[in-house]
2 protein chains.
Amino acid sequence: MKDSKPTSLDIAHLAGVSQPTVSRALRNSPLVSKETREKIQAIARELNYKVDVNASNLRSQSTKTLALLLCEDPGDSMINPFFLSMLGSITRAAAKEGYDLLVSFQQLSEDWRADYEDANKANGIIFLGYGDYTQYIDRISRLDQAGAHFITWGPVVPGQPGHFLGCDNTLGAYEATQHLIQLGRKHIAFIGDTSDDCPEFQDRYRGYLKALSEHGLKYNQQLHASANSTETMGFDATQTILERTEPFDSVFCCSDLMAIGTIQCLRENGYSVPDDIAVVGFDDIPTASHMTPPLTTVQQDTIKAGELLVENILSLINGEHIESRLLPPQLIIRKSCGS
Amino acid sequence: MKDSKPTSLDIAHLAGVSQPTVSRALRNSPLVSKETREKIQAIARELNYKVDVNASNLRSQSTKTLALLLCEDPGDSMINPFFLSMLGSITRAAAKEGYDLLVSFQQLSEDWRADYEDANKANGIIFLGYGDYTQYIDRISRLDQAGAHFITWGPVVPGQPGHFLGCDNTLGAYEATQHLIQLGRKHIAFIGDTSDDCPEFQDRYRGYLKALSEHGLKYNQQLHASANSTETMGFDATQTILERTEPFDSVFCCSDLMAIGTIQCLRENGYSVPDDIAVVGFDDIPTASHMTPPLTTVQQDTIKAGELLVENILSLINGEHIESRLLPPQLIIRKSCGS
DNA sequence: TAAGTCGCTGAATACGTATGCACGCTATTG
DNA sequence: CAATAGCGTGCATACGTATTCAGCGACTTA
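Residues numbered from 1 in each chain as written. Chains lettered and ligands numbered in written order. Predicted model: local features only at pLDDT ≥ 70, side-chain atom pairs only at ≥ 80, totals over all residues. Heavy atoms only, no water.

Visitor: Would you mind going over the UniProt feature "domain: HTH lacI-type" (unreviewed entry) in chain A with me for this structure?
Guide: UniProt's entry tags residues 6-60 of chain A with the feature "domain: HTH lacI-type" (unreviewed entry), counted in the numbering of this structure. Overall, residues 6-60 of chain A shows 69% helix and 0% strand. The separation of its end C-alpha atoms is 20 Å. (UniProt positions renumbered as here; feature names shortened; annotations may be inferred. Helix = DSSP H or I, 4+ residues; strand = E, 2+ residues; numbered from the N terminus.)

Visitor: Sorry if this is basic, but what is going on with empty space enclosed by the protein here?
Guide: If a probe the size of a water molecule is rolled over the atoms, the empty space left behind becomes visible. Enumeration according to the criterion identifies five cavities of 30 Å³ or more in this entry. Estimates place the volume of the largest cavity at around 180 Å³. Along the wall of the largest cavity there are 16 residues; nearest its centre are Met291(A), Thr292(A), His290(B), Met291(B) and Thr292(B). Listed by contribution, the elements that provide at least two residues to the lining of the largest cavity are α11 (256-268) of chain A together with α11 (256-268) of chain B. In terms of residue class, the lining of the largest cavity is made up of six nonpolar, eight polar and two charged. (1 Å grid on protein atoms, 1.4 Å probe; cavity = no way out; pocket = protein on both sides within 12 Å on 5 of 7 lines; lining within 4 Å. Points joined across faces, edges and corners; volume = space filled by probe spheres on them. Nonpolar A, V, L, I, M, F, W, Y, C, P; charged D, E, K, R; others polar.)

Visitor: Looking at this structure, I do not really get the interface of chain B and chain A. What am I missing?
Guide: By a frequent convention, interface size equals the accessible area lost on bringing the separate parts together. Each partner contributes residues to the interface: chain B has 53 residues there, and chain A has 53 residues. For the pair chain B and chain A, the summed buried surface comes to about 4,900 Å²; carbon and sulfur atoms form 56% of the total. At the boundary of chain B with chain A, the tally comes to two salt bridges. Notably, a salt bridge pairs Lys121(B) with Asp100(A), separated by 2.9 Å at the nearest N-O pair. Our enumeration of links across chain B and chain A arrives at 18 residue pairs in polar contact (both at pLDDT 80 or more). Sort the elements by how many residues they give to the side of chain B that touches chain A and helix α5 (residues 81-96) of chain B lands first, with seven residues. Residues of the side of chain B that touches chain A, tallied by class, amount to 21 nonpolar, 19 polar and 13 charged. (Contact = heavy atoms within 4.5 Å. Buried area = accessible area lost by both parts, 1.4 Å probe. Salt bridge = Lys/Arg side-chain N within 4 Å of Asp/Glu carboxyl O. Polar contact = N/O pair within 3.5 Å; in protein donor to acceptor, adjacent residues only side chain to side chain.)

Visitor: Is there a simple way to think about the side chain of Asp203(B) in this case?
Guide: One can find Asp203(B) in helix α9 (residues 199-214). Ignoring any residue separated from it by four or fewer positions in sequence, one finds Asp203(B) in contact with Pro155(B), Asn169(B) and Thr170(B).

Visitor: Sorry, what's going on with the relation of the copies chain B and chain A here?
Guide: Superposition record for chain B on chain A: RMSD 0.1 Å, screw rotation 180°, translation along axis 0.0 Å. Interpreted geometrically, this transformation is the action of a two-fold axis. Interface overlap between copies is the fraction of interface residues in one copy that are interface residues in the other; for chain B against chain A it reaches 100%, indicating a shared surface. (Least-squares fit on C-alpha atoms with pLDDT ≥ 70 in both.)

Visitor: Got a minute to help me understand the sheet that holds strand β9 (residues 278-280) of chain A in this structure?
Guide: Picture the strands of a sheet paired through backbone hydrogen bonds; they go either parallel or antiparallel. Residue and element names in this part refer to chain A. In space, the four strands of this open sheet follow the order β7-β6-β8-β9, with parallel pairing throughout. In the strand order of this sheet, the two ends are held by β7 (224-225) and β9, each with one partner. Most of the contacts of helix α8 (residues 169-182) go to strand β8 (residues 250-253), to which it runs at about 170°, and overall it touches β6 (188-191), β8 and β9. Across the sheet, helix α9 (residues 199-214) is in contact with β6, β7 and β8; its angle to β6 comes to roughly 170°. (Pairing = 2+ DSSP bridges. Axes fitted to C-alpha atoms, helices over the stretch in contact; angles between N-to-C directions.)

Next up, the structure:
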């Protein structure tokens, strides 16, 4: 019983072979005979031997690790549950490919490539984040120029540097708005930050406008309030609209979190949801189906998204070409729109 | 402009010193003169040089990385928002100490120590999880015997192997229950799995019973239903109690997620919250304050918890002794109990 | 002036693995 | 039988850093 961790050399001695053979055997190299391989693997299992990833990575110059950067305001303890789903599915997808996941919520440095790839901490970077986009775009551009391997979950903006994977926000918003219209709603408020900071919300805004115009409804500036994706911002934006005393019969919220705030605000002002005012959200976070009333919303397939993000980043690492693409959203109809 | 990543040797050449001096300078060793050190650091900054963590770790035999294991059912895409808060605060606390965080949601292997410490992926492991505890306890024991560095967020059970940090669940539940009693509620239902699988809920159960008995109320088996921490389980458990037709005027839910399901169920059965039935939860997840009605609940200080978890695991890594301890909870009074 | 001290630097080496290359052995072919 | 090919293995080395030890100059002290 040795006191220190076993190395491939220890295994080699025990198996009566050389260290390189052990290395090959453990990586299932076809170069080593089946007999030898199994013998070595048995001994390794016996000793509970694990390859030292540092030595392995140093030699092979490739860390089997991905970095996940969550670009949310770190000061706020609230993080969108939607990203938690993504985090879960990305972790699982990465694990399936034999990759570990390094998670960070903050931006300690200006140069992510240096922090992760140059430091050999990770072979690729996945970005996740709602909003505050302009804050990051130059850093992303720099990454692209530096030839880093990274992919961003977000809107596919033509001409933008880097690779993107996102949900078809325009389509999702279009379908949700259309649904409200088909239920007879004519004065549909819109809550969400449509500045360049939030290209995702901009896309949803486009879908909203498209549905309005296709059904002959006029856009009303008075029913539009900016908000980022938190309950509180949704609450406040709704309050703002209510104070304008412009009548409305429904609200399209750019995220479920905002919808939660919106519903709370409407209730506190004496409105019933959905009888007086219908509400739809976006994301289909787990809570959506358990609210009162259950929230009609646009579902993004986080499982699929996580798998594709990992698959794409691995392709990039392997030097393959990938296309930015959009995933189809799905309208989930529940009670909050009164259907 | 070299095409490959700069190494400490490159810096050494440029600075006209040897590689060891570069290594020392970059680690702020007092052995190297201020003059030389600043010169080297300037060049390193210039080249955007980053220490190769693999080489560094290999040499020093210490990865500046912690592993975070989330023991939730991986099949379920729903993850308790409470853990997300913890994840955020742990990430930040780890970053402040210069540690990276490796996150995993699944239990790919039976032997976590081998997976992380022996493989030199991480120096320590932090566990996070609600319930299914018995499923992990033997693995935790094995870790303890193997001398691994790990700490678990959870109840402090005397005699249990390993180190724990948790919230004073008994006290929290006691205060919440007492609050209901003081508001005049006399028939308080209890929702939560009190089997050995959930020692945290067992502690909350104790606090609940203590409050009842101290105020001369009798425990009623009919008002007790088991549930794990999801909205759906909370819904179902509430339905079960309702079907027993035993009258009750309030519910203590072992988690906010269950409270959400409980409130939904009560509403669908025509009860008003809090007028007919008051509800309190546990955790104070972000949604709690934005529900209708806002949820009275027991807050756990996730920021403090994350910091202490990291602080403690680092102490363990440094060979110091640590004591398991409990953090004080705080009752957050909102509208769902009708105060 | 010789011995000792202090401050700084470089030479040598180790960390544990992966891989290019050469080598020996057996089987095949002409 | 010689030449060739194929298979399995070992030798040597490289990955980039951190640390031990020795050395060197300058400076103090007797």
